[in-house]
Amino acid sequence: MTKQNTSPRASLPSVDRLLCREEADALIAAYGRPALADAIRGVLANLRAALGTKDTPNDMTETSIMNRVSNRLTEESRPSLRPVFNLTGTVLHTNLGRAALPAEAIEAVAIAARGASNLEYDLAGGRRGDRDAHLEEQLCRLTGAEAATVVNNNAAAVLLVLNSLALRKEVPTSRGELIEIGGSFRMPDIMARSGCRLREVGTTNRTHLSDYEAAIGPKTGLVMKVHTSNYAIEGFTATVPESELARLCHDRGVPFAVDLGSGTLIDLRKFGLPHEPTPAESLASSADVVTFSGDKLLGGPQAGIIVGRASIVKKIKRNPMKRALRVDKMTIAALSAVLNLYADPDHLVERLPTLRALARPVEEIRKMAERLRVSLAVGLNSLASVEVINCDSQVGSGALPTQRIPSAGLAIRPATERRGSGTALQRLAAAFRSLPIPVIGRLQEGALILDFRCLEDEAAFAAQLSALALSETPAR
Ligand SMILES: *Cc1c(COP(=O)(O)O)cnc(C)c1O
């Protein structure tokens with residue numbers, strides 16, 4: 001059993017020996033000696049395990065081992081959070097980071113990140129200041145609100161509004177508006193965690209003013225209207241306009257809150273999209289407080305924006321939970337820079353990536369698809385067919401859920417697809433995902449669809465196609 005002294009196992013070099021090789025110097029400089037030693041141990045362990053199996057590598061020279069070590073270190077040191085090409089056709093894709101920031105905001109973030117700032121410091125008075133001061137004026141100007149405050153995201157904004165205004169009290173809300181946003185944001189759960197009691201009013205499809213009238217009483221803390229941002233109820237429906245609900249609430253002395261979800265600061269009809277409610281409209285309808293996201297249609301950083309009556313916002317800011325939900329200086333810098341762009345609406349579509357993507361003419365996208373079809377056909381090396389198609393983009397992230405925006409892209413179909421098996425298609429999608437800048441498309445009717453509405457850097461996309469490691473064997 002033990003006469004295998006000449007086995008390749010015995011011939012694997014030692015860790016120390018490899019650490020003394022010339023290639024090690026550059027790797028130590030780049031990654032440090034402990035990381036290099038770990039990587040060598042890892043590679044040697046893998047080789048040892050593969051010896052004598054069908055996976056035994058045929059090249060086991062020290063040079064080739066050091067190459068493996070170098071590749072392993074490159075892979076291990078790659079950040080987990082990486083840029084990808086969002087070719088899903090969903091412009092504001094929550095899983096892919098929602099809004100891309102404009103250059104002005106990115107620059108503002110870098111400046112804020114680099115060193116000290118007057119984040120909470122009143123430069124005129126030389127004393128402690130308020131971090132909301134950097135945004136409040138802009139937000140009030142753009143929405144018509146008396147006061148504003150900003151928290152980590154809109155889920156936090158809703159939580160804070162509920163907890164500040166209706167702790168241990170009832171919150172009448174229409175049954176048609178008890179939304180779930182992807183990733184466990186469910187209005188009934190948020191209400192419970194905010195310490196409020198949800199009081200459902202009306203029915204799924206119809207809610208009347210009289211339903212609210214009957215529900216409001218001494219236990220009511222707040223009446224809440226939620227924008228049905230990711231679905232539409234159609235057919236025999238009735239909802240109560242915000243202005244009527246506001247009047248009822250004020251007659252009964254309870255505050256009225258509107259959660260808009262997306263909330264845009266401009267009239268989207270100017271860009272050929274349907275109207276999406278704005279915070280200014282809700283406030284003009286006499287809502288006391290309105291919440292909306294910073295990284296949905298607004299096109300800024302992740303944030304939850306709360307605007308409304310001064311007395312109400314003051315109460316919200318005094319809640320100790322505000323401290324736990326507050327935004328950092330980089331978010332403030334980015335949001336302020338984005339809001340600044342809204343001061344010049346005529347140039348907004350060129351400067352704000354979200355709006356630019358939504359308003360992009362379909363002919364322009366189609367021309368790009370035609371150009372890229374050629375590069376892609378070469379990269380795919382006849383292992384798949386590539387066809388220019390018309391497709392539909394959508395806004396995403398709970399805005400205009402039923403709206404389809406005509407777009408164009410490519411449909412890629414594996415040549416070897418066996419009927420119904422789908423594995424070649426999965427492999428194709430995986431190959432695109434394993435590119436240096438992963439490409440995320442969508443699978444539809446046996447094809448990988450790449451919608452080019454959100455592709456801005458066409459050259460970078462085309463440049464990496466030659467790395468498509470598509471073969472008959474599974475991609476990594
Ligand atoms: C998206 C959305 C939220 C949650 O906002 P986040 O910014 O994702 O936290 C809350 N309410 C509505 C109506 C929404 O559309």
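The structure presented is a predicted model; accordingly, all values stated were derived computationally and were not measured.

With that settled, the discussion passes to helix 6 (residues 103-114). The terminal C-alpha atoms of helix 6, which comprises 12 residues, lie 17 Å apart, in line with the 16 Å expected from a rise of 1.5 Å per residue. Taken together, the buried positions of helix 6 are Ala-105, Ala-108, Val-109 and Ala-112. All buried residues of helix 6 fall inside an arc of 105° around its axis, so they share one side. In helix 6, the exposed residues that point more than 90 degrees away from the buried face are Ala-103, Glu-107, Ile-111 and Arg-114. Here the buried face of helix 6 lies against helix 15 (329-342).

With that out of the way, let us pick up the confidence of the model for the chain. Here the chain averages 91 in pLDDT, and 94% of its residues register 70 or above. Counted against residues more than four places away or in other chains, residues 1-6, with its pLDDT under 50, gives 1 contact. Between residues 472-476, whose pLDDT stays under 50, and residues either more than four places distant or in other chains, the model counts 9 contacts.

We now examine the sheet that holds strand 12 (residues 304-308). Ordered in space as 4-12-11-10-9, the 5 strands form an open sheet in which the pairing is mixed. With one partner strand each, in any of the chains shown, strand 4 (147-151) and strand 9 (223-226) form the two edges of the open sheet. Neighbour-to-neighbour, the strand axes of the sheet open up by a mean angle of 20°, direction not taken into account. Taken strand by strand, helix 13 (residues 310-318) contacts strand 4, strand 11 (289-293) and strand 12, and its axis lies near 30° from that of strand 4.

For the rest of this paragraph, the subject is the packing of helix 3 (residues 22-31) against helix 4 (residues 33-50). As a packed pair, helix 3 and helix 4 sit with axes 7 Å apart at the nearest point and diverge in direction by 120°. Taken together, the axes of helix 3 and helix 4 lie oblique to each other. Residues Ala-24, Leu-27, Ile-28 and Tyr-31 of helix 3 form the contact with helix 4, whose participating residues are Arg-33, Ala-35 and Leu-36. Looking at the contact of helix 3 with helix 4 residue by residue, the class counts come to 6 nonpolar, no polar and 1 charged.

The environment of the ligand is made up of 13 residues, and the closest members are Arg-98, Ser-229, Asp-259, Ser-293 and Lys-296. In this structure, an oxygen atom belonging to the ligand sits 3.2 Å away from a main-chain N or O atom of Asn-154. With respect to the ligand, the side chain of Ser-293 contributes an N or O atom lying 2.7 Å from an oxygen atom. Contact with the protein chains removes 95% of the 380 Å² of surface that the ligand exposes when unbound. Within the residue set of the shell around the ligand, elements represented by two or more residues are helix 8 (154-166) and strand 10 (256-261). The residue makeup of the shell around the ligand, split by class, is 4 nonpolar, 6 polar and 3 charged.

Reading guide: rules and limits
Residues numbered from 1 in each chain as written. Predicted model: local features only at pLDDT ≥ 70, side-chain atom pairs only at ≥ 80, totals over all residues. Heavy atoms only, no water. Helix = DSSP H or I, 4+ residues; strand = E, 2+ residues; numbered from the N terminus. Expected span 1.5 Å × (residues − 1). Buried < 20%, exposed > 50% of the residue type's maximum accessible area, 1.4 Å probe, protein only. Arc of directions from axis to C-beta. Contact = heavy atoms within 4.5 Å. pLDDT = per-residue confidence, 0-100. Pairing = 2+ DSSP bridges. Axes fitted to C-alpha atoms, helices over the stretch in contact; angles between N-to-C directions. Parallel < 35°, antiparallel > 145°, perpendicular 65-115°, else oblique. Nonpolar A, V, L, I, M, F, W, Y, C, P; charged D, E, K, R; others polar. Near = heavy atom within 4 Å. Polar contact = N/O pair within 3.5 Å; in protein donor to acceptor, adjacent residues only side chain to side chain. Areas by Shrake-Rupley, 256 points an atom, 1.4 Å probe, with all protein chains shown as cover.

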